[in-house]
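Residues per chain are reported as follows:
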Amino acid sequence: MRFSRYLAILISLVMAVALVGAAWAQEAESGQGEEPQQEVAGAESDGQGAEAPSPAQQMLESLPDITEIATQASQEQIGQGQPRLEEQVVYSVSPWNGREYKGTFAPRQVDTIYLMANEYSILNVQRTQVYFWPITNEYMADWFGLREEVPGTLEILRDGQVIDTLERTEYSYYFPSGIGREQRLYLGEEAVRVYEDYRNRLNAYYDAVSAYYEAHREWQRQMDEILREVQETGQYKDPSEIPEPPKQPTPPTDFAYSPRTAFAVNLPEGRYQVRLRGPDGEIVPDTTKTLEVFDSRRQGVGYLVIPEHKWTRSFQTNDPSDILYLDGRRVFYIVPHHAREFNFYQYVKMANLHKPLEGEGTRSVWTWAQFEPITQAKLQVLHNGEVIEEIALKPYYVRQTPGYALGYNIVEFDPENDPLLQGRSPTFEAYRVELEGDKSYQLRFVDDAGNVLIGSAREVRPIKSPGNAVYAIPLFPFAVGLVVFGWRRATARVGKGEEA
Amino acid sequence: MSVGYRIHAIKVSTKREIRSTLYGVGIYVVLALIFLISSYVFVNSTLRSVADAGIQALTNPITSPLFVSVGLAATYLGLCSSLSISRDRDLGTMEVLFYGPVDSISYVLGKYFHQLLAYLVILVFSLINFYAISLVTNVGFSIDILSIMFLSIFLTSCMVSFGILLSVSTRRVIVSVVLFLALVLFFLVFSMVHTWIMSIAGQNLTPTMVYVRVILDNANNFIKWISPVDYFLRGMSAVFRQDPGGYALSILSSLIYSLVLLSLSVGMFQRKGVRR
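Because the structure is predicted, anything quoted here is derived from the model rather than measured.

1. Focus on the overall build of chain A
A tally of helices and strands in chain A yields nine helices and 26 strands. By the burial criterion, 44% of the 500 residues in chain A qualify as buried. The long-range share in chain A, meaning contacts at least 24 apart out of those at least 6 apart in sequence, stands at 69%. Working note: accessible area of chain A is about 26,900 Å², and carbon and sulfur atoms make up 50% of it.

Have a look at this one:
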C-alpha cells in the first residue's frame with residue numbers, strides 16, 4: 001500500500017513535469033506568430049528588469065516539498081468519514097536516511113524527533129491542518145489547505161543550555177540522474193545557483209524544442225516540395241539535394257527542486273531539545289520537542305550479490321562476519337555500497353514520525369542501511385593472503401535469449417562493438433567474480449591508493465558434501481563412553497577376583 | 001568453618017562427583033545424542049540451503065548447531081545439578097554431609113564446580129566434534145567459534161547456578177526438575193519468539209501484531225536479566241560484531257549472575273536447613 005502511494009506520487013510528479021513541459025512547449029510553438037504578445041513580454045522585461053516566470057519555472061516552484069508529498073491527505077481521505085481537522089503547529093522533517101531525503105512531520109502528539117548524526121536534515125515549523133487517519137493509523141496533514149511558515153529562530157538546547165540558534169536558510173534537492181536516483185542537498189547560495197543552472201538548462205531545452213518543431217516544419221515543407229516535384233517530373237532527386245531532418249533536442253536528465261527556506265540541522269550524536277523562538281522573543285507554543293540524534297553502531301561495505309544463474313534473486317550481505325558459501329563453480333556480480341548499522345527503532349521512527357505505531361517494539365533490533373554506492377574502487381580476490389585477481393567495475397546487460405524457451409545471458413555492455421546494445425542502457429554496473437569451487441578465497445575492496453576499505457573483506461568458501469560422515473562424527477563421545485564402560489567393567493572384575 | 005577446610009571440602013566433593021560422572025556412560029550418551037541432533041539441524045538447514053541457492057551469505061553456519069549443542073549440554077548439567085541436590089536432600093545424604101566438615105557454602109560450590117568441570121570435558125568433545133564437521137564440510141572454523149565455545153562456559157555457569165537455586169528453593173525432586181525444565185523451556189521459547197518477531201521488524205504488521213511486539217520487547221527488557229540464555233546470546237552478538245568490550249561485559253555479567261544466584265542458594269540453605 002505504501003509502495004503504491006509512493007508510486008502514485010512519483011508518477012504524478014513525472015506526469016506534472018511532462019504535462020507542464022509539453023504545454024509550455026506547445027504554447028511557445030503556437031506563440032511564434034503572436035508578435036504583439038512577445039513585444040509586451042519584452043517591454044515588461046525591459047521596463048522592470050525582471051522576466052515573468054516561465055510555465056516551467058512556475059511548475060518547478062509549485063512542486064510540493066518532500067514532506068508534503070509524503071504526508072498530504074488525499075481528497076478521498078478528507079472526504080471520507082468526516083475526519084476532525086485540527087490546526088496545529090508542526091515540525092515538517094526531511095531526514096537523510098543514507099540514500100535519500102524522506103518526508104514526515106511531528107504533530108503536537110509526537111514529542112521526540114529522530115535524526116541521523118553528522119548529516120544534514122531539513123526541519124521546518126509550519127502551521128497546518130492535522131487529523132488522524134485510523135485506517136492506516138497515521139497522522140495526515142492538509143498542506144494544500146493550510147501551510148503557513150511560523151516565523152522565528154530554532155534554538156537547540158543540550159542539558160538545558162542553548163548551544164545553537166539557527167535561522168532559516170535556502171535549500172534545494174538535486175537529482176543528478178533524475179528523480180528516484182541519487183539525491184543531493186544544497187544549502188544557501190549554492191542551492192539557488194544549482195536550481196538556476198537547472199532552470200536555465202530546462203528553459204534552453206524548451207527553446208530548443210520550439211526551434212526543433214519550427215525546423216521540422218520547414219524540413220517537412222521542403223520534403224513535400226521535393227515529393228511534389230518528383231511526382232510532377234517523374235525524375236528522382238540526387239540524394240545530396242534531400243535535406244537532413246533536424247535533430248530532436250534531448251531534455252536534461254537531472255532535476256532540481258526550486259529552493260525553499262527551512263532550518264538545516266546537522267548535529268553530533270546526543271539528546272537535545274529544540275524550540276522555536278518567535279520574533280516577539282517568546283517561545284512558540286507546541287514547538288518544544290526532544291531531538292534524539294543517533295549514530296551508527298558499525299560501518300562497513302555492503303554487498304549486493306547477483307548470482308549469474310538467477311540474476312533476479314539478488315541478496316544483500318552487510319555484516320563483515322558473513323561468509324559467502326559456494327556450491328561448486330559460481331559466477332556472481334557484486335554491487336558494493338557503503339553501509340552503516342543503526343538501531344532499527346530510531347532509524348524507522350526518523351522517517352515515520354506521523355505513524356505512531358511504526359517501529360514500536362523494536363528498540364532491541366539493529367538494521368543495516370545502505371549509503372552511497374562504491375564506484376571508485378577495485379575488487380581484489382585473494383587466496384592464502386595473495387592477491388590473485390583485481391576486478392574493475394563494469395556495466396552489464398541482461399539479454400533474454402530469443403525464442404519461447406526461458407533463458408538469458410549476462411553480457412558486458414559494449415554498444416560500440418555490439419550493435420544490438422546500441423540505444424540501450426546497461427542493466428546494472430557491478431564487479432564480475434568467477435570462482436572455482438575448489439578452494440577458499442577472500443574478497444575485499446581497495447581504493448585508488450591501495451587501502452582496503454573498512455568492513456569490505458568477505459571470506460568465500462566452497463562447501464563440501466560430507467555424506468554420512470556428518471552423522472558418524474557425533475558418535476565419537478559414544479565410542480569413548482563404551483571404552484570407559486568396558487574398562488570399568490574390566491577393572492571391576494579384576495577387583496572382584498582379587499577379593500575372591 | 002575456616003577457608004582452608006572449606007576449600008578442602010569443595011575439592012573432595014568436586015573430585016568425587018566428577019569421577020562419578022566420567023566413569024558413568026550417561027554423559028557420553030547424552031553428548032552423542034546432542035551432537036547427532038545438531039548435525040541433523042546443520043545438514044538440513046545450512047548444507048541443503050547452500051546447495052539449493054548455489055551461493056549464499058551466512059554467518060558461520062557452525063554457530064547454530066554449536067548453540068544447540070552448548071545450550072542442550074548446559075541445560076543437561078543445570079538439570080543434573082538440580083536433581084543432585086534434590087536427591088541428596090530426599091535421601092538424607094545432605095543431612096549426613098552437614099554433620100561432617102561440610103557447610104552450605106562448600107556444598108553449593110562443590111556442586112557448582114563439579115558441573116563446570118563436567119562441562120569442560122563436554123567442551124573438549126564439542127571442540128573435536130565441530131572441528132571435524134567444519135573440516136569435512138569446509139564451512140570454516142574461525143576464532144569466533146572458539147570465542148563462542150569459551151563463552152559457553154559462562155552460559156553453563158549461569159545454568160548450573162540457576163539449577164542449584166531452584167533445587168535449593170524446592171523440597172521435592174519432581175518439583176525442582178519440572179520447575180527447572182519449565183523455566184528453561186520458557187526462556188528458550190521466549191527467546192526464539194522474540195527473535196522471530198524482531199526479525200520481521202521491517203515488514204508491515206497489523207496493529208495487533210505491533211502491540212504483541214511491544215509487549216514482547218518490554219517483557220524482554222525484564223527477562224534478559226533473568227534468563228541465562230540471554231547472557232550467552234549477548235556475548236555471541238558481541239563476538240560477531242568484533243566487540244571485545246561487549247564480550248567481556250557478557251562474561252562479567254554472567255559471572256555476577258552466577259555469583260548472585262549461588263549466594264541466594266547459600267542463603268536459602270541456611271534459612272531452610274538441610275533436613276527433608
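2. Here we look at the confidence of the model for chain A
A low pLDDT score tells you not to read the predicted coordinates there in detail. Here chain A averages 84 in pLDDT, while 85% of its residues score no lower than 70. Considering only residues more than four positions removed or in separate chains, one finds that residues 1-50 of chain A, a stretch of pLDDT under 50, has 42 contacts.

3. Things to note about a nonpolar patch on the surface
A cluster of nonpolar side chains, namely Leu475, Phe478, Leu482 and Phe485 of chain A together with Val25, Val29 and Leu33 of chain B, defines an oily patch on the protein surface of about 570 Å² accessible area. The biggest single contributor to the nonpolar patch is helix α9 (residues 476-499) of chain A, with three residues. By relative accessible area, phenylalanine 485 of chain A is classed as partly exposed at 42%.

4. Things to note about the pairing of strand β8 (residues 161-166) of chain A
Residue and element names in this part refer to chain A. For strand β7 (residues 153-158) and β8, the ladder comprises five bridges, and the chain directions are antiparallel. Residue pairing for β8: leucine 154 is matched across the bridge by leucine 166. Between β7 and the antiparallel strand that follows it, β8, lie two residues; aspartate 159 among them carries a positive phi value of about 50 degrees.

5. So, the sheet that holds strand β13 (residues 270-277) of chain A
Residues and elements named next belong to chain A. Read from one edge of the open sheet, five strands run β3-β14-β13-β7-β8, paired in mixed fashion. A strand with exactly one partner marks an edge of an open sheet, and here the two such strands are β3 (112-116) and β8. Between one strand axis and the next, the sheet turns through 30 degrees on average, direction left out of account.

6. Observations concerning helix α10 (residues 244-272) of chain B
Taking 1.5 Å per residue, 29 residues should reach 42 Å; α10 of chain B reaches 42 Å between its end C-alpha atoms and fits that length. Residue glycine 273 of chain B follows α10 of chain B closely and has a positive phi angle near 85 degrees.

7. Brief notes about the packing of helix α7 (residues 173-199) of chain B against helix α8 (residues 207-226) of chain B
All names here are of chain B. Their axes nearest at 10 Å, the elements α7 and α8 cross at an angle of 135 degrees. Our classification of the angle between α7 and α8 gives oblique. In this structure, α7 meets α8 at a crossing whose hand is left-handed. Residues Phe186, Phe187, Phe190, Val193, His194, Ile197 and Met198 of α7 touch α8, and the partners they reach there are Met209, Arg213, Leu216, Asp217, Ala219, Asn220, Ile223 and Ile226. Of the residues belonging to the contact of α7 with α8, the class tally is eleven nonpolar, two polar and two charged.

8. A word on the interface of chain B and chain A
Taken together, the contact pairs 52 residues of chain B with 49 residues of chain A. Note on chain B versus chain A: buried area summed over both sides is about 4,200 Å², and carbon and sulfur give 66% of it. Contact with chain A buries area across many residues of chain B, yet Tyr23, Ile55 and Asn138 of chain B alone supply 16% of it, more than any other trio. Along the contact surface separating chain B from chain A lie zero salt bridges. Linking chain B with chain A are 14 residue pairs in polar contact (both at pLDDT 80 or more). Per-element tally for the side of chain B that touches chain A: the top contributor is helix α2 (residues 26-53) of chain B, with 16 residues. Partitioning the side of chain B that touches chain A into residue classes produces 34 nonpolar, 14 polar and four charged.

9. Concerning the side chain of threonine 287 of chain A
Residues and elements named next belong to chain A. With respect to the element layout, threonine 287 can be found in the loop between β13 and β14 (289-294). Classification of threonine 287 as buried rests on a relative accessible area of 0%. In this structure the side chain of threonine 287 is engaged in a polar contact, spanning 2.5 Å, whose partner is the backbone oxygen of valine 284. Among residues more than four places away in sequence, those in contact with threonine 287 are Val89, Tyr91, Val125, Val274, Arg275 and Leu276.

10. Quick notes on unusual backbone geometry
Trans is the prevailing form of peptide bonds, just as negative phi is the prevailing case for residues other than glycine. Residue and element names in this part refer to chain A. Positive phi values are uncommon outside glycine, yet asparagine 137 reaches one of about 55 degrees. The topology assignment puts asparagine 137 in the loop between β4 (121-133) and β5 (138-141). When its relative accessible area of 22% is taken as the criterion, asparagine 137 is described as partly exposed.

11. A few points about the pattern of salt bridges
Residue and element names in this part refer to chain A. Tallied over the entire structure, the rule returns 34 salt bridges over all chains. Glutamate 434 is the salt-bridge partner of arginine 329, the closest N and O atoms lying 2.3 Å from each other. A residue pair is termed long-range when its members are at least 10 positions apart, and arginine 329 in the loop between β17 (322-326) and β18 (330-343) and glutamate 434 in strand β24 (residues 428-435) qualify at 105 residues. Arginine 329 gets classed as partly exposed once you look at its relative accessible area, which sits at 43%. The exposure class of glutamate 434 is partly exposed, given its relative accessible area of 34%. Sharing partners across several salt bridges, the network here consists of Glu308, Arg329, Arg432, Glu434 and Glu436.

Cut-offs applied
- Residues numbered from 1 in each chain as written.
- Chains lettered and ligands numbered in written order.
- Predicted model: local features only at pLDDT ≥ 70, side-chain atom pairs only at ≥ 80, totals over all residues.
- Heavy atoms only, no water.
- Helix = DSSP H or I, 4+ residues; strand = E, 2+ residues; numbered from the N terminus.
- Buried < 20%, exposed > 50% of the residue type's maximum accessible area, 1.4 Å probe, protein only.
- Contact = heavy atoms within 4.5 Å.
- Areas by Shrake-Rupley, 256 points an atom, 1.4 Å probe, with all protein chains shown as cover.
- pLDDT = per-residue confidence, 0-100.
- Patch = residues over 30% accessible without salt bridge, like charges linked within 9 Å, V, L, I, M, F, W, Y side chains within 5 Å.
- Salt bridge = Lys/Arg side-chain N within 4 Å of Asp/Glu carboxyl O.
- Pairing = 2+ DSSP bridges.
- Axes fitted to C-alpha atoms, helices over the stretch in contact; angles between N-to-C directions.
- Expected span 1.5 Å × (residues − 1).
- Parallel < 35°, antiparallel > 145°, perpendicular 65-115°, else oblique.
- Left-handed = near helix turned anticlockwise from the far one by under 90°.
- Nonpolar A, V, L, I, M, F, W, Y, C, P; charged D, E, K, R; others polar.
- Buried area = accessible area lost by both parts, 1.4 Å probe.
- Polar contact = N/O pair within 3.5 Å; in protein donor to acceptor, adjacent residues only side chain to side chain.

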